[in-house]
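Observations on the three-dimensional arrangement
Each chain is listed here by its residues.
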Amino acid sequence: MASGSCRSPGPPRPWSCWSPTSRTPSGGHPERTVRRARNRAGRTRGSGRAAPLLDLRLFGRPGFSASVVVAGLCGAATFASLAALPLYHQLVRGLGASAAGLLLAPLGLGSAMAMPIAGRLSDRLGSRRLVPIGGGVAAAAALSLTTVSADVPPALPALQAFVLGAALGGVGAPTIGSVYRTLPPPLVPPGSSALSMLNQLGASLGIASVALVVQTADTPLAGTHRVHAGLTGALLLLLAAAAVIPGRPSPARPEPVAADRPATHPC
């Protein structure tokens, strides 16, 4: 029961009667509860300041930095392909928007088929094994598009787009999984925000680069070849960064059984 010195006119304020030796209704000391709350708030706000949109301290972790670089390059390659292939079909082959969209569908189909499979495999094999394979196949597919011409059968660019999409899907899912395995649970929210921001930034730069290269090229076909040559170079950089991403997740260590612990007196 609160002492008489805690009573004050007005509505009851039970927190004004707590002392360092009293306990909260949940059984904890109020000073410890307030200290934990302030620590949690300080991690996000700092000394009364708003939390940064991008916490640069996360990039001090090599595994996180490599994973974010791979994710950004993968986003740039994916969206650059989504912009370049329809321009090739429309400007070089003279197809309409509907036909160009249909010939772009294999890229998305290959990515959609590969991502769930690669995500499950990364849990067992690790991202460091899968990402170089996907990046290498994607680089080979992009390199093959540097020699495409205007009179090839439509099935060939569609097949190349399918292989490129499947390879990029095999890169994206393991890379995202490696980010969450790299960071401890308290750093997952800012790490996820950084991953999303840089992935979208890479996508924007990829689309802008395609528009710039195609517009400044002598012919649309030459612009298509230059775009996929640059895409091949970006995927080679992805392969270099993939060597640093986290590997196979370590199995969880079993906790000791309570019966094996020495008994202690409650006092």
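The structure presented is a predicted model; accordingly, all values stated were derived computationally and were not measured.

The helix and strand tally for the protein chain stands at seven helices and zero strands. For the protein chain, the α and β elements follow one another from N to C terminus as α-α-α-α-α-α-α. When burial is assessed residue by residue, the protein chain has 36% of its 267 residues classed as buried. Within the structure as shown, the protein chain displays about 15800 Å² of accessible surface, and the carbon and sulfur contribution to it stands at 65%.

Residues V70, V131, L164, L168, L235 and L238 are the most contacted members of the largest nonpolar core, which totals 26 residues. Elements represented by at least two residues in this core include exactly α2 (62-92), α3 (97-125), α4 (127-144), α5 (155-182) and α7 (220-242). Among residues more than four places away in sequence, those in contact with V131 are V70, V171, P174, T175, L238, A242 and I245. Listed in part, the eight residues of the second largest apolar core include F64, V68, A194 and L195.

Looking at the protein chain as a whole, its pLDDT mean stands at 79, while 72% of the residues score no less than 70. Mean pLDDT values for the elements of the protein chain range from 51 in helix α1 (residues 30-45) up to 93 in α7. Of the regions scoring below 50 in pLDDT, residues 1-6 engages in three contacts with residues more than four places distant in sequence or in other chains. Contacts for the low-pLDDT stretch residues 257-261, under 50 throughout, to residues beyond four places or in other chains number one contact.

A few words now on the packing of aromatic side chains. Counting across every chain of the model gives one aromatic pair. When the ring of F59 is compared with that of F64, the centres are 5.5 Å apart and the planes differ by 65°; the resulting orientation is edge-to-face. Here F64 falls in the buried class, since its relative accessible area comes to 0%.

If you trace the backbone, T182 turns up in helix α5. Taking the C-alpha atoms as reference, T182 lies 6.4 Å from G63; in sequence the two are 119 residues apart. Setting aside chain neighbours within four positions, we find T182 in contact with R61, G63, F64 and P246.

Taken together, I133, V137, L159 and V163 make up a surface patch of nonpolar side chains, about 330 Å² in accessible area. Elements supplying a minimum of two residues to the nonpolar patch: α4 and α5. Here I133 is to be found in helix α4. Given a relative accessible area of 54%, I133 falls into the exposed group.

Looking now at the side chain of H89. Within the secondary structure layout, H89 lies in helix α2. Contact partners of H89, with chain neighbours within four places excluded, come to G94, L95, A100, L103 and P157.

Criteria and thresholds
- Residues numbered from 1 in each chain as written.
- Predicted model: local features only at pLDDT ≥ 70, side-chain atom pairs only at ≥ 80, totals over all residues.
- Heavy atoms only, no water.
- Helix = DSSP H or I, 4+ residues; strand = E, 2+ residues; numbered from the N terminus.
- Buried < 20%, exposed > 50% of the residue type's maximum accessible area, 1.4 Å probe, protein only.
- Areas by Shrake-Rupley, 256 points an atom, 1.4 Å probe, with all protein chains shown as cover.
- Core = buried A, V, L, I, M, F, W, Y, C linked by side-chain atoms within 4.5 Å.
- Contact = heavy atoms within 4.5 Å.
- pLDDT = per-residue confidence, 0-100.
- Phe/Tyr/Trp six-rings, centres within 6.5 Å; stacked < 30°, edge-to-face > 60°.
- Patch = residues over 30% accessible without salt bridge, like charges linked within 9 Å, V, L, I, M, F, W, Y side chains within 5 Å.
- Salt bridge = Lys/Arg side-chain N within 4 Å of Asp/Glu carboxyl O.

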